[in-house]
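Chain residues, written in single-letter form:
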Amino acid sequence: QVQLAESGGGSVQPGGSLRLSCVASGRIFSSSGMSWHRQAPGKEREIVAGINWSGGVTNYSDSVKGRFTISRDNSKNTLYLQMNSLKPEDTAVYYCKLTASYGPRYWGQGTQVTVSS
C-alpha cells in the first residue's frame, strides 16, 4: 500500500512563493509517474503539473506554466512543486497523485494554499 503525505501549504500574499512537498511510502515511487492537482471551492479537481518516473519529462497546465516547477528526488521518495508569482486564483487544496506503472493510482490527503492580500 502506498501512502502520500503533502506538506508546505499555507497563506501567502499575491506575488509570493510556496514550495509543496509530497513524500511517498513504499518502493514504487521511483518507477511511477507523479502529478500535482488542485481543487478550488465549488470547482472540479484539475491537473496542475505532471512528471515522469525519471524527472526527464514534465508538463504543466496553461494556467501555471512559467510560474510553477514540478520536480522529484527519487532518493528521497519526494515530489515537489515550486510555486512562484502566486495569484489569488491559485487558491485551492493541492493534492499529489502517484500513478504506478502497473496501473493503480494513489492520492494524498491534500494541503491548503491560500493566496490573499
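Our subject is the structure that appears above.
Residues numbered from 1 in each chain as written. Predicted model: local features only at pLDDT ≥ 70, side-chain atom pairs only at ≥ 80, totals over all residues. Heavy atoms only, no water.

### A few points about the state of the cysteines
Convention followed: What counts as a disulfide here is a pair of cysteine sulfur atoms lying within 2.5 Å. Strands here are runs of E lasting at least two residues and helices are runs of H or I lasting at least four, both read from the DSSP assignment and numbered beginning at the N terminus.
Tallied over the entire structure, the rule returns 1 disulfide. There is a disulfide in this structure between cysteine 22 and cysteine 96, and the S-S distance comes to 2.0 Å. Torsion about the S-S bond of the cysteine 22 and cysteine 96 cystine: about 55 degrees, corresponding to right-handed handedness. Remark: cysteine 96 occurs in strand β9 (residues 92-99) and cysteine 22 occurs in strand β3 (residues 18-24); sequence separation between them is 74 residues.

### A word on the sheet that holds strand β8 (residues 78-83)
Our working rule: If DSSP finds at least two bridges between two strands, the strands pair. Axes here mean lines fitted to C-alpha atoms, for a helix over just the part in contact, with angles spanning 0 to 180 degrees between N-to-C directions.
Sheet architecture is open: 4 strands sit in the order β1-β3-β8-β7, paired in antiparallel fashion. Edge strands, defined here as strands with exactly one partner in the open sheet, are β1 (4-7) and β7 (68-73). On average, each strand axis in the sheet is inclined to that of its neighbour by 15 degrees, with strand direction left out of account. Both β1 and β3 contribute to a ladder of 4 bridges, which runs antiparallel. Counted as the bridge partner of glutamate 6 is cysteine 22 from β3.

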